[in-house]
Amino acid sequence: MAEKHIGKQTVALKNPPTIKATASIVGPKEGRGELKQCFDLIIPDELWGESSWEKAESKLVREAFAKLLQNAKLSNDKIDFILAGDLLNQCIAASYGLRETNVPFLGLYGACSTMAESMSIGSMLIDGGFADNVVCLTSSHFCSAERQFRFPLELGSQRTPTAQWTVTGSGAVALASQGTGPYIRNITVGKINDLGITDINNMGAAMAPAAADTILTHFADTGLVPEYYDLIVTGDLGKIGKKLCLDILRMNGLNIEANYNDCGVMIFNLNEQDTHAGGSGCGCSAAVFAGHIYKEMMKGNLKRVLFIATGALMSPVSLQQKESIPGIAHAVSIHRSLD
Amino acid sequence: MPEFTARLVPGRDIIMKQVFTKEEYAEHVKRASPNSKIFINIIKAFIVGGLICDIGQFIINMLKARGLDSEVVSNITSIIMIFLGALLTALNIYNVIGKFAGAGSIVPITGFANSVVSPAIEFKTEGYVMGLGAKMFVIAGPVIVFGVCSAMIAGVIHYFITYVP
(Lines give C-alpha, C1' and ligand atoms only; values in the text may rest on other atoms or scores of the structure.)
Protein backbone atom coordinates (compact mmCIF):
# COMPACT_ATOMS: atom_id res chain seq x y z
CA MET A 1 0.00 0.00 0.00
CA ALA A 2 1.21 3.45 -0.87
CA GLU A 3 2.43 5.15 2.31
CA LYS A 4 0.75 8.49 1.62
CA HIS A 5 -2.63 6.99 0.83
CA ILE A 6 -5.12 6.89 3.70
CA GLY A 7 -8.55 5.34 3.65
CA LYS A 8 -10.31 4.76 0.37
CA GLN A 9 -9.69 7.92 -1.60
CA THR A 10 -7.53 10.28 0.42
CA VAL A 11 -3.94 11.33 0.08
CA ALA A 12 -2.08 12.66 3.14
CA LEU A 13 0.85 14.76 2.02
CA LYS A 14 4.09 14.22 3.93
CA ASN A 15 5.67 17.41 2.62
CA PRO A 16 2.66 19.72 2.39
CA PRO A 17 3.08 22.37 -0.30
CA THR A 18 2.51 26.03 0.47
CA ILE A 19 0.13 28.25 -1.39
CA LYS A 20 2.60 31.01 -2.17
CA ALA A 21 0.23 33.43 -3.86
CA THR A 22 -3.06 33.66 -5.70
CA ALA A 23 -4.52 35.89 -8.40
CA SER A 24 -8.09 36.48 -9.47
CA ILE A 25 -9.73 38.38 -12.30
CA VAL A 26 -13.49 38.59 -12.72
CA GLY A 27 -16.09 40.10 -15.04
CA PRO A 28 -18.15 43.22 -14.39
CA LYS A 29 -21.17 41.35 -12.98
CA GLU A 30 -19.00 39.45 -10.48
CA GLY A 31 -17.35 42.79 -9.73
CA ARG A 32 -20.70 44.05 -8.46
CA GLY A 33 -21.36 40.92 -6.38
CA GLU A 34 -20.93 40.17 -2.71
CA LEU A 35 -17.16 39.60 -2.94
CA LYS A 36 -16.31 42.62 -5.12
CA GLN A 37 -13.64 43.91 -2.71
CA CYS A 38 -11.44 40.86 -2.84
CA PHE A 39 -10.55 40.36 -6.52
CA ASP A 40 -7.27 41.55 -8.04
CA LEU A 41 -8.90 42.93 -11.14
CA ILE A 42 -12.43 43.52 -12.39
CA ILE A 43 -12.59 43.79 -16.16
CA PRO A 44 -14.66 46.68 -17.58
CA ASP A 45 -16.71 44.62 -20.07
CA GLU A 46 -17.04 40.99 -21.13
CA LEU A 47 -15.10 41.36 -24.39
CA TRP A 48 -12.18 43.17 -22.73
CA GLY A 49 -10.96 44.61 -26.04
CA GLU A 50 -10.95 41.25 -27.86
CA SER A 51 -12.92 40.25 -30.95
CA SER A 52 -14.61 37.13 -29.51
CA TRP A 53 -15.72 35.70 -26.17
CA GLU A 54 -13.19 32.87 -26.45
CA LYS A 55 -10.34 35.31 -27.00
CA ALA A 56 -11.57 37.34 -24.04
CA GLU A 57 -11.49 34.19 -21.89
CA SER A 58 -7.95 33.42 -23.04
CA LYS A 59 -7.00 36.94 -22.07
CA LEU A 60 -8.44 36.29 -18.60
CA VAL A 61 -6.14 33.27 -18.33
CA ARG A 62 -3.12 35.15 -19.68
CA GLU A 63 -3.60 38.11 -17.36
CA ALA A 64 -4.38 35.93 -14.33
CA PHE A 65 -1.14 34.05 -14.91
CA ALA A 66 0.81 37.32 -15.25
CA LYS A 67 -0.81 38.69 -12.11
CA LEU A 68 0.00 35.49 -10.23
CA LEU A 69 3.69 35.65 -11.14
CA GLN A 70 3.71 39.25 -9.97
CA ASN A 71 1.99 38.37 -6.66
CA ALA A 72 4.28 35.39 -6.09
CA LYS A 73 7.38 37.33 -7.17
CA LEU A 74 8.31 34.53 -9.56
CA SER A 75 9.46 34.51 -13.16
CA ASN A 76 8.34 32.06 -15.87
CA ASP A 77 11.54 30.02 -15.72
CA LYS A 78 10.99 29.23 -12.03
CA ILE A 79 7.67 27.46 -12.74
CA ASP A 80 8.00 23.72 -13.25
CA PHE A 81 4.46 22.98 -14.39
CA ILE A 82 1.26 24.76 -15.19
CA LEU A 83 -1.90 22.71 -14.56
CA ALA A 84 -4.83 24.46 -16.15
CA GLY A 85 -8.22 23.90 -17.68
CA ASP A 86 -11.52 25.52 -18.57
CA LEU A 87 -14.96 24.66 -19.93
CA LEU A 88 -14.49 25.30 -23.64
CA ASN A 89 -14.19 22.46 -26.13
CA GLN A 90 -10.61 21.14 -26.11
CA CYS A 91 -9.83 23.62 -23.27
CA ILE A 92 -8.79 26.37 -25.65
CA ALA A 93 -9.02 29.18 -23.12
CA ALA A 94 -6.16 27.66 -21.12
CA SER A 95 -3.99 26.51 -24.01
CA TYR A 96 -4.31 29.76 -26.02
CA GLY A 97 -4.04 31.91 -22.93
CA LEU A 98 -0.83 30.18 -21.87
CA ARG A 99 0.83 29.49 -25.23
CA GLU A 100 3.38 32.27 -24.82
CA THR A 101 4.45 31.30 -21.30
CA ASN A 102 7.18 28.84 -22.29
CA VAL A 103 6.40 26.70 -19.24
CA PRO A 104 5.64 22.93 -19.23
CA PHE A 105 1.87 22.67 -19.44
CA LEU A 106 -0.59 19.95 -18.50
CA GLY A 107 -4.16 20.61 -19.62
CA LEU A 108 -6.91 19.29 -17.34
CA TYR A 109 -10.63 18.83 -17.71
CA GLY A 110 -12.79 18.25 -14.67
CA ALA A 111 -15.55 20.68 -15.68
CA CYS A 112 -16.11 23.08 -12.77
CA SER A 113 -14.09 20.85 -10.44
CA THR A 114 -10.88 21.65 -12.33
CA MET A 115 -9.55 24.07 -9.70
CA ALA A 116 -9.50 21.40 -6.99
CA GLU A 117 -8.26 18.83 -9.50
CA SER A 118 -5.32 21.02 -10.50
CA MET A 119 -4.50 21.86 -6.87
CA SER A 120 -4.64 18.13 -6.00
CA ILE A 121 -2.31 17.04 -8.77
CA GLY A 122 -0.04 20.05 -8.23
CA SER A 123 0.28 19.23 -4.54
CA MET A 124 1.12 15.62 -5.27
CA LEU A 125 3.73 16.67 -7.83
CA ILE A 126 5.39 18.86 -5.21
CA ASP A 127 5.04 16.36 -2.38
CA GLY A 128 6.49 13.66 -4.60
CA GLY A 129 9.53 15.79 -5.26
CA PHE A 130 8.78 16.31 -8.93
CA ALA A 131 8.46 20.08 -8.78
CA ASP A 132 9.20 23.13 -6.66
CA ASN A 133 6.73 25.59 -8.16
CA VAL A 134 3.43 24.66 -9.78
CA VAL A 135 0.77 27.00 -11.09
CA CYS A 136 -2.86 25.86 -10.96
CA LEU A 137 -5.28 27.92 -12.98
CA THR A 138 -8.81 27.75 -14.35
CA SER A 139 -11.22 30.09 -16.09
CA SER A 140 -14.77 30.36 -17.32
CA HIS A 141 -16.66 33.02 -19.23
CA PHE A 142 -20.41 33.54 -19.18
CA CYS A 143 -20.70 34.39 -22.88
CA SER A 144 -18.47 31.63 -24.25
CA ALA A 145 -20.16 29.05 -22.00
CA GLU A 146 -23.67 30.21 -22.95
CA ARG A 147 -23.08 29.78 -26.64
CA GLN A 148 -21.35 26.43 -26.22
CA PHE A 149 -23.82 24.88 -23.79
CA ARG A 150 -27.06 26.83 -24.27
CA PHE A 151 -28.36 29.53 -26.57
CA PRO A 152 -27.06 32.72 -28.23
CA LEU A 153 -27.06 35.66 -25.82
CA GLU A 154 -29.48 37.72 -27.90
CA LEU A 155 -32.15 35.00 -27.94
CA GLY A 156 -35.20 36.15 -26.03
CA SER A 157 -35.63 33.18 -23.72
CA GLN A 158 -36.34 32.74 -20.02
CA ARG A 159 -34.14 30.92 -17.50
CA THR A 160 -35.69 28.55 -15.03
CA PRO A 161 -35.43 29.33 -11.29
CA THR A 162 -32.93 26.48 -10.87
CA ALA A 163 -30.56 27.74 -13.60
CA GLN A 164 -27.11 28.97 -12.62
CA TRP A 165 -25.03 31.83 -13.98
CA THR A 166 -21.59 30.95 -15.36
CA VAL A 167 -19.02 33.16 -13.68
CA THR A 168 -16.79 35.23 -15.94
CA GLY A 169 -13.46 34.98 -14.23
CA SER A 170 -10.18 33.26 -13.71
CA GLY A 171 -8.40 32.20 -10.55
CA ALA A 172 -4.80 31.10 -10.24
CA VAL A 173 -2.84 29.57 -7.38
CA ALA A 174 0.94 29.24 -7.07
CA LEU A 175 2.01 26.15 -5.10
CA ALA A 176 5.55 25.92 -3.79
CA SER A 177 7.61 23.31 -1.99
CA GLN A 178 9.00 25.87 0.46
CA GLY A 179 7.02 28.52 2.28
CA THR A 180 5.11 29.58 5.33
CA GLY A 181 1.62 28.41 4.41
CA PRO A 182 -1.27 28.06 3.95
CA TYR A 183 -0.48 24.38 3.44
CA ILE A 184 -2.33 21.74 1.47
CA ARG A 185 -2.31 18.69 3.71
CA ASN A 186 -4.98 16.28 2.53
CA ILE A 187 -6.62 15.58 -0.76
CA THR A 188 -9.71 13.47 -1.31
CA VAL A 189 -10.15 12.58 -4.95
CA GLY A 190 -13.81 12.15 -5.82
CA LYS A 191 -15.65 9.43 -7.72
CA ILE A 192 -18.05 10.02 -10.58
CA ASN A 193 -21.59 10.07 -9.19
CA ASP A 194 -24.71 10.03 -11.29
CA LEU A 195 -28.17 9.99 -9.79
CA GLY A 196 -29.91 10.43 -13.11
CA ILE A 197 -30.47 14.19 -13.34
CA THR A 198 -30.95 15.21 -16.98
CA ASP A 199 -31.93 18.88 -16.56
CA ILE A 200 -29.07 21.12 -17.70
CA ASN A 201 -30.81 23.95 -15.88
CA ASN A 202 -30.39 22.19 -12.56
CA MET A 203 -26.69 21.41 -12.38
CA GLY A 204 -26.59 21.87 -8.62
CA ALA A 205 -28.86 18.84 -8.28
CA ALA A 206 -26.63 16.84 -10.63
CA MET A 207 -23.47 17.66 -8.66
CA ALA A 208 -24.79 17.52 -5.07
CA PRO A 209 -24.47 13.70 -4.69
CA ALA A 210 -20.84 13.84 -5.83
CA ALA A 211 -20.08 16.66 -3.37
CA ALA A 212 -21.76 14.80 -0.52
CA ASP A 213 -19.94 11.58 -1.42
CA THR A 214 -16.55 13.29 -1.40
CA ILE A 215 -17.25 15.12 1.87
CA LEU A 216 -18.35 11.90 3.58
CA THR A 217 -15.39 9.99 2.23
CA HIS A 218 -13.02 12.74 3.34
CA PHE A 219 -14.27 12.57 6.93
CA ALA A 220 -14.36 8.77 6.90
CA ASP A 221 -10.82 8.50 5.50
CA THR A 222 -9.26 11.10 7.78
CA GLY A 223 -11.31 10.45 10.88
CA LEU A 224 -11.90 14.17 11.24
CA VAL A 225 -15.11 15.80 12.38
CA PRO A 226 -16.74 18.70 10.50
CA GLU A 227 -16.02 21.11 13.39
CA TYR A 228 -12.32 20.65 12.67
CA TYR A 229 -12.74 23.04 9.74
CA ASP A 230 -13.59 26.74 9.99
CA LEU A 231 -15.10 26.54 6.54
CA ILE A 232 -16.28 23.69 4.35
CA VAL A 233 -16.92 25.19 0.95
CA THR A 234 -18.21 23.58 -2.23
CA GLY A 235 -17.49 24.99 -5.69
CA ASP A 236 -20.67 25.81 -7.52
CA LEU A 237 -23.65 23.85 -6.27
CA GLY A 238 -25.71 27.02 -6.04
CA LYS A 239 -28.63 27.55 -3.70
CA ILE A 240 -30.50 24.36 -4.60
CA GLY A 241 -27.48 22.07 -4.86
CA LYS A 242 -26.26 23.36 -1.51
CA LYS A 243 -29.51 22.38 0.13
CA LEU A 244 -29.52 18.98 -1.58
CA CYS A 245 -25.92 18.33 -0.50
CA LEU A 246 -26.81 19.13 3.10
CA ASP A 247 -29.86 16.84 2.84
CA ILE A 248 -27.81 13.90 1.58
CA LEU A 249 -25.17 14.45 4.28
CA ARG A 250 -27.81 14.70 6.99
CA MET A 251 -29.39 11.44 5.83
CA ASN A 252 -25.93 9.90 6.20
CA GLY A 253 -25.69 11.22 9.74
CA LEU A 254 -23.34 14.14 9.07
CA ASN A 255 -24.37 17.71 9.83
CA ILE A 256 -22.02 20.37 8.45
CA GLU A 257 -24.52 23.21 8.21
CA ALA A 258 -22.78 25.44 10.79
CA ASN A 259 -19.61 26.02 8.79
CA TYR A 260 -20.70 25.12 5.27
CA ASN A 261 -21.03 27.44 2.30
CA ASP A 262 -20.89 27.36 -1.48
CA CYS A 263 -18.82 29.60 -3.78
CA GLY A 264 -21.73 29.87 -6.24
CA VAL A 265 -23.91 31.27 -3.47
CA MET A 266 -21.17 33.54 -2.10
CA ILE A 267 -20.07 35.29 -5.29
CA PHE A 268 -23.33 36.94 -6.34
CA ASN A 269 -26.12 38.73 -4.57
CA LEU A 270 -28.68 36.14 -5.67
CA ASN A 271 -31.73 38.32 -5.09
CA GLU A 272 -30.51 41.53 -6.67
CA GLN A 273 -28.29 40.22 -9.46
CA ASP A 274 -30.86 37.91 -11.04
CA THR A 275 -28.52 34.93 -11.06
CA HIS A 276 -31.28 32.52 -10.02
CA ALA A 277 -29.67 29.57 -8.17
CA GLY A 278 -26.19 31.17 -8.12
CA GLY A 279 -22.84 31.14 -9.87
CA SER A 280 -21.19 28.23 -11.65
CA GLY A 281 -18.21 27.49 -13.86
CA CYS A 282 -14.51 26.75 -13.35
CA GLY A 283 -13.93 30.43 -12.66
CA CYS A 284 -16.45 30.49 -9.82
CA SER A 285 -14.65 28.32 -7.29
CA ALA A 286 -11.25 29.47 -8.62
CA ALA A 287 -11.94 33.20 -8.22
CA VAL A 288 -13.67 32.76 -4.85
CA PHE A 289 -10.80 30.66 -3.54
CA ALA A 290 -8.04 32.86 -4.96
CA GLY A 291 -9.76 36.13 -4.17
CA HIS A 292 -11.66 35.55 -0.97
CA ILE A 293 -10.80 32.33 0.89
CA TYR A 294 -7.02 32.58 0.50
CA LYS A 295 -7.01 36.18 1.68
CA GLU A 296 -9.17 35.32 4.69
CA MET A 297 -6.70 32.56 5.55
CA MET A 298 -3.77 34.96 5.28
CA LYS A 299 -5.57 37.42 7.55
CA GLY A 300 -6.02 34.61 10.06
CA ASN A 301 -9.81 34.64 9.89
CA LEU A 302 -9.89 31.08 8.58
CA LYS A 303 -7.45 28.53 9.91
CA ARG A 304 -8.61 25.32 8.29
CA VAL A 305 -10.64 25.09 5.11
CA LEU A 306 -11.99 22.13 3.18
CA PHE A 307 -12.34 23.27 -0.43
CA ILE A 308 -14.46 21.00 -2.61
CA ALA A 309 -14.78 22.06 -6.24
CA THR A 310 -17.68 20.37 -7.98
CA GLY A 311 -18.09 19.57 -11.65
CA ALA A 312 -20.82 18.37 -14.00
CA LEU A 313 -19.24 16.11 -16.59
CA MET A 314 -21.73 16.37 -19.44
CA SER A 315 -21.38 17.77 -22.94
CA PRO A 316 -24.00 19.27 -25.27
CA VAL A 317 -23.83 16.05 -27.33
CA SER A 318 -24.42 13.72 -24.36
CA LEU A 319 -27.39 15.86 -23.31
CA GLN A 320 -28.93 15.71 -26.78
CA GLN A 321 -28.53 11.95 -26.66
CA LYS A 322 -30.63 12.01 -23.47
CA GLU A 323 -27.79 10.97 -21.17
CA SER A 324 -27.96 12.05 -17.55
CA ILE A 325 -25.38 14.38 -15.99
CA PRO A 326 -22.56 12.74 -14.02
CA GLY A 327 -21.08 14.80 -11.18
CA ILE A 328 -17.62 14.89 -9.66
CA ALA A 329 -16.08 16.61 -6.65
CA HIS A 330 -12.55 16.76 -5.27
CA ALA A 331 -11.70 17.96 -1.77
CA VAL A 332 -8.55 19.84 -0.82
CA SER A 333 -7.82 20.35 2.86
CA ILE A 334 -5.93 23.61 3.46
CA HIS A 335 -4.38 24.65 6.76
CA ARG A 336 -2.97 28.03 7.73
CA SER A 337 -0.25 26.37 9.79
CA LEU A 338 1.11 22.90 10.36
CA ASP A 339 0.08 22.70 14.04
CA MET B 1 7.17 17.97 10.42
CA PRO B 2 4.35 17.23 12.87
CA GLU B 3 2.19 14.30 11.91
CA PHE B 4 -1.27 15.13 10.70
CA THR B 5 -3.29 14.97 13.88
CA ALA B 6 -6.65 13.47 13.16
CA ARG B 7 -9.37 14.35 15.65
CA LEU B 8 -10.66 10.84 15.52
CA VAL B 9 -14.00 10.16 17.09
CA PRO B 10 -13.92 6.63 18.54
CA GLY B 11 -16.26 4.20 16.89
CA ARG B 12 -17.11 6.70 14.21
CA ASP B 13 -17.83 4.98 10.96
CA ILE B 14 -19.02 7.08 8.08
CA ILE B 15 -19.80 5.24 4.90
CA MET B 16 -21.71 6.84 2.06
CA LYS B 17 -24.97 5.00 2.11
CA GLN B 18 -27.07 4.82 -0.98
CA VAL B 19 -29.70 7.06 0.58
CA PHE B 20 -31.57 7.69 -2.66
CA THR B 21 -32.50 5.61 -5.64
CA LYS B 22 -32.59 7.60 -8.88
CA GLU B 23 -36.38 7.84 -8.65
CA GLU B 24 -36.33 8.99 -5.04
CA TYR B 25 -33.63 11.54 -5.80
CA ALA B 26 -35.59 12.92 -8.77
CA GLU B 27 -38.59 13.30 -6.47
CA HIS B 28 -36.48 14.95 -3.77
CA VAL B 29 -34.90 17.37 -6.28
CA LYS B 30 -38.34 18.28 -7.57
CA ARG B 31 -39.45 19.17 -4.06
CA ALA B 32 -36.28 21.19 -3.40
CA SER B 33 -36.40 23.14 -6.68
CA PRO B 34 -38.67 26.16 -6.92
CA ASN B 35 -41.12 26.07 -9.81
CA SER B 36 -41.43 28.76 -12.45
CA LYS B 37 -44.13 31.27 -11.52
CA ILE B 38 -46.53 29.95 -14.12
CA PHE B 39 -49.52 32.18 -13.38
CA ILE B 40 -47.63 35.48 -13.47
CA ASN B 41 -45.65 34.29 -16.51
CA ILE B 42 -48.86 33.54 -18.39
CA ILE B 43 -50.19 37.02 -17.65
CA LYS B 44 -46.95 38.67 -18.77
CA ALA B 45 -46.91 36.55 -21.93
CA PHE B 46 -50.54 37.46 -22.64
CA ILE B 47 -49.95 41.19 -22.25
CA VAL B 48 -46.72 41.41 -24.27
CA GLY B 49 -47.90 38.92 -26.91
CA GLY B 50 -51.12 40.90 -27.18
CA LEU B 51 -49.24 44.16 -27.53
CA ILE B 52 -47.09 42.74 -30.35
CA CYS B 53 -50.29 41.63 -32.12
CA ASP B 54 -51.80 45.08 -31.55
CA ILE B 55 -48.82 46.65 -33.27
CA GLY B 56 -49.30 44.22 -36.17
CA GLN B 57 -53.00 45.05 -36.36
CA PHE B 58 -52.22 48.77 -36.26
CA ILE B 59 -49.88 48.35 -39.26
CA ILE B 60 -52.55 46.32 -41.09
CA ASN B 61 -55.16 49.02 -40.49
CA MET B 62 -52.83 51.78 -41.66
CA LEU B 63 -51.92 49.94 -44.84
CA LYS B 64 -55.57 49.11 -45.58
CA ALA B 65 -56.48 52.75 -45.10
CA ARG B 66 -53.99 53.53 -47.85
CA GLY B 67 -55.98 51.30 -50.19
CA LEU B 68 -53.80 48.18 -50.42
CA ASP B 69 -55.61 44.87 -50.89
CA SER B 70 -55.60 42.42 -48.02
CA GLU B 71 -53.08 39.88 -49.40
CA VAL B 72 -50.48 42.58 -50.03
CA VAL B 73 -51.24 44.05 -46.60
CA SER B 74 -50.58 40.80 -44.74
CA ASN B 75 -47.31 40.26 -46.64
CA ILE B 76 -46.06 43.77 -45.95
CA THR B 77 -47.11 43.55 -42.29
CA SER B 78 -45.13 40.32 -41.85
CA ILE B 79 -42.10 41.95 -43.44
CA ILE B 80 -42.35 44.97 -41.14
CA MET B 81 -42.79 42.82 -38.00
CA ILE B 82 -39.85 40.58 -38.97
CA PHE B 83 -37.75 43.68 -39.54
CA LEU B 84 -38.71 45.07 -36.13
CA GLY B 85 -37.88 41.75 -34.43
CA ALA B 86 -34.50 41.62 -36.15
CA LEU B 87 -33.75 45.25 -35.36
CA LEU B 88 -34.61 44.88 -31.67
CA THR B 89 -32.46 41.73 -31.53
CA ALA B 90 -29.48 43.58 -32.98
CA LEU B 91 -30.01 46.44 -30.53
CA ASN B 92 -29.91 43.92 -27.65
CA ILE B 93 -33.48 44.82 -26.66
CA TYR B 94 -35.40 41.71 -27.75
CA ASN B 95 -33.68 39.45 -25.19
CA VAL B 96 -34.77 41.85 -22.46
CA ILE B 97 -38.36 41.70 -23.73
CA GLY B 98 -38.03 37.90 -24.01
CA LYS B 99 -36.82 37.54 -20.45
CA PHE B 100 -39.91 39.40 -19.25
CA ALA B 101 -42.49 38.02 -21.64
CA GLY B 102 -41.41 34.43 -22.30
CA ALA B 103 -43.78 32.80 -24.76
CA GLY B 104 -45.41 36.19 -25.35
CA SER B 105 -42.46 37.30 -27.44
CA ILE B 106 -41.40 33.87 -28.74
CA VAL B 107 -44.65 32.87 -30.44
CA PRO B 108 -45.27 35.92 -32.70
CA ILE B 109 -43.32 36.26 -35.95
CA THR B 110 -40.97 38.73 -34.23
CA GLY B 111 -39.77 35.84 -32.06
CA PHE B 112 -38.99 33.84 -35.15
CA ALA B 113 -36.89 36.74 -36.44
CA ASN B 114 -35.13 36.84 -33.07
CA SER B 115 -34.32 33.12 -33.25
CA VAL B 116 -32.68 33.59 -36.68
CA VAL B 117 -30.85 36.84 -36.03
CA SER B 118 -29.47 35.97 -32.58
CA PRO B 119 -27.31 33.00 -33.71
CA ALA B 120 -26.31 34.98 -36.79
CA ILE B 121 -24.88 37.67 -34.50
CA GLU B 122 -23.39 35.19 -32.05
CA PHE B 123 -21.58 32.99 -34.58
CA LYS B 124 -20.29 35.76 -36.85
CA THR B 125 -16.93 35.34 -35.08
CA GLU B 126 -16.48 32.02 -36.96
CA GLY B 127 -16.81 33.78 -40.33
CA TYR B 128 -19.64 34.64 -42.69
CA VAL B 129 -19.92 31.19 -44.30
CA MET B 130 -19.28 28.56 -41.60
CA GLY B 131 -20.29 30.87 -38.76
CA LEU B 132 -23.10 33.23 -39.64
CA GLY B 133 -24.38 31.30 -42.67
CA ALA B 134 -24.23 27.81 -41.20
CA LYS B 135 -25.39 28.61 -37.67
CA MET B 136 -28.13 31.10 -38.55
CA PHE B 137 -30.84 28.42 -38.59
CA VAL B 138 -29.57 26.42 -35.64
CA ILE B 139 -32.69 27.32 -33.65
CA ALA B 140 -35.21 28.20 -36.37
CA GLY B 141 -34.13 25.35 -38.67
CA PRO B 142 -36.26 22.62 -37.05
CA VAL B 143 -39.26 24.98 -37.03
CA ILE B 144 -38.88 25.50 -40.78
CA VAL B 145 -38.34 21.79 -41.49
CA PHE B 146 -41.35 20.62 -39.53
CA GLY B 147 -43.41 23.63 -40.66
CA VAL B 148 -42.85 22.69 -44.30
CA CYS B 149 -43.57 19.02 -43.55
CA SER B 150 -46.85 19.75 -41.81
CA ALA B 151 -47.83 22.18 -44.59
CA MET B 152 -47.27 19.37 -47.10
CA ILE B 153 -49.40 16.96 -45.11
CA ALA B 154 -52.13 19.59 -44.74
CA GLY B 155 -51.88 20.26 -48.49
CA VAL B 156 -52.36 16.59 -49.35
CA ILE B 157 -55.37 16.34 -47.03
CA HIS B 158 -56.78 19.54 -48.53
CA TYR B 159 -56.33 18.09 -52.03
CA PHE B 160 -58.25 14.95 -51.21
CA ILE B 161 -61.06 16.84 -49.50
CA THR B 162 -61.43 19.44 -52.23
CA TYR B 163 -60.69 17.64 -55.50
CA VAL B 164 -61.43 13.98 -54.88
CA PRO B 165 -65.21 13.55 -54.85
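Summarised in this report is the structure supplied together with it. (Residues numbered from 1 in each chain as written. Chains lettered and ligands numbered in written order. Predicted model: local features only at pLDDT ≥ 70, side-chain atom pairs only at ≥ 80, totals over all residues. Heavy atoms only, no water.)

Some thoughts on the overall build of chain A
A count of helices and strands for chain A gives nine helices and 15 strands. For 339 residues, the compact-globule estimate of 2.2 N^0.38 gives 20 Å, and the C-alpha radius of gyration of chain A, at 18 Å, lies within 12% of that figure. Counting only C-alpha atoms and orienting by the principal axes, one finds that chain A spans roughly 55 × 50 × 35 Å. The proportion of buried residues among the 339 residues of chain A is 67%. Nonlocal contacts in chain A, meaning residues at least 24 apart in sequence, comprise 77% of its contacts between residues at least 6 apart. Summed over its atoms, the accessible surface of chain A is roughly 11,600 Å², and 51% of this surface lies on carbon and sulfur atoms. (Helix = DSSP H or I, 4+ residues; strand = E, 2+ residues; numbered from the N terminus. Rg over C-alpha atoms; globule rule 2.2 N^0.38 Å. Buried < 20%, exposed > 50% of the residue type's maximum accessible area, 1.4 Å probe, protein only. Contact = heavy atoms within 4.5 Å. Areas by Shrake-Rupley, 256 points an atom, 1.4 Å probe, with all protein chains shown as cover.)

Points about the overall build of chain B
In terms of regular secondary structure, chain B is built from eight helices and zero strands. Walking chain B from its N terminus toward its C terminus, one meets helices and strands in the order α-α-α-α-α-α-α-α. Of the contacts formed within chain B by residues at least 6 apart in sequence, a portion of 50% connects residues at least 24 apart. Of the accessible surface of chain B, which amounts to about 11,300 Å², a share of 71% is contributed by carbon and sulfur atoms.

Side note on empty space enclosed by the protein
Residues and elements named next belong to chain A. Under the defined criterion, the tally for this structure stands at one cavity of 30 Å³ or more. Of the voids in this model, the largest cavity is the one considered here, and its volume is about 120 Å³. Lining of the largest cavity is provided by 14 residues; of these, L87, C112, F149, M203 and M314 occupy positions nearest its centre. Looking at the lining of the largest cavity residue by residue, the classes come out as ten nonpolar, three polar and one charged. (1 Å grid on protein atoms, 1.4 Å probe; cavity = no way out; pocket = protein on both sides within 12 Å on 5 of 7 lines; lining within 4 Å. Points joined across faces, edges and corners; volume = space filled by probe spheres on them. Nonpolar A, V, L, I, M, F, W, Y, C, P; charged D, E, K, R; others polar.)

Side note on the packing of helix α2 (residues 38-65) of chain B against helix α4 (residues 94-101) of chain B
All names here are of chain B. Orientation of α2 relative to α4, taken along the N-to-C sense of each, is 135°, at an axis distance of 8 Å. Accordingly, the angle class assigned to the pair α2 and α4 is oblique. Across from K44, A45, V48 and I52 in α2, the residues of α4 making contact are Y94, I97, F100 and A101. (Axes fitted to C-alpha atoms, helices over the stretch in contact; angles between N-to-C directions. Parallel < 35°, antiparallel > 145°, perpendicular 65-115°, else oblique.)

So, the layout of surface pockets
In this model, the second largest pocket occupies a volume close to 550 Å³. Forming the walls of the second largest pocket are 20 residues, and the residues nearest its centre are R159(A), T160(A), P161(A), H276(A) and K37(B). Looking at the lining of the second largest pocket, the elements with two or more residues in it are α6 (238-251) of chain A together with α2 and α4 of chain B. Counted by class, the lining of the second largest pocket contains seven nonpolar, seven polar and six charged residues.

A look at the environment of G67(B)
All names here are of chain B. Looking at the element boundaries, G67 is found in the loop between α2 and α3 (70-90). Relative accessible area serves as the criterion here: at 63%, G67 is assigned to the exposed category. With 16 residues separating them in the primary sequence, G67 and L51 have C-alpha atoms 25 Å apart.

A word on the interface of chain A and chain B
The partner chain B presents 47 residues to the 49 residues of chain A that form the contact. Here chain A packs against chain B, burying approximately 4,100 Å² in sum over the two surfaces, 62% of which is carbon and sulfur. In terms of surface lost to chain B, no three residues of chain A exceed R147(A), E154(A) and L195(A), which account for 17% of the buried area on that side. If you look at where chain A meets chain B, you find two salt bridges. The interface formed by chain A and chain B contains 14 residue pairs in polar contact (both at pLDDT 80 or more). (Buried area = accessible area lost by both parts, 1.4 Å probe. Salt bridge = Lys/Arg side-chain N within 4 Å of Asp/Glu carboxyl O. Polar contact = N/O pair within 3.5 Å; in protein donor to acceptor, adjacent residues only side chain to side chain.)

Observations concerning α4(B)
Residues and elements named next belong to chain B. The set of residues buried in α4 consists of Y94, N95, G98 and A101. All buried residues of α4 fall inside an arc of 135° around its axis, so they share one side. On its buried side, α4 packs onto α2, α3, α5 (103-106) and α6 (109-122). G102 sits one or two positions beyond α4 and adopts a positive phi of about 60°. (Arc of directions from axis to C-beta.)

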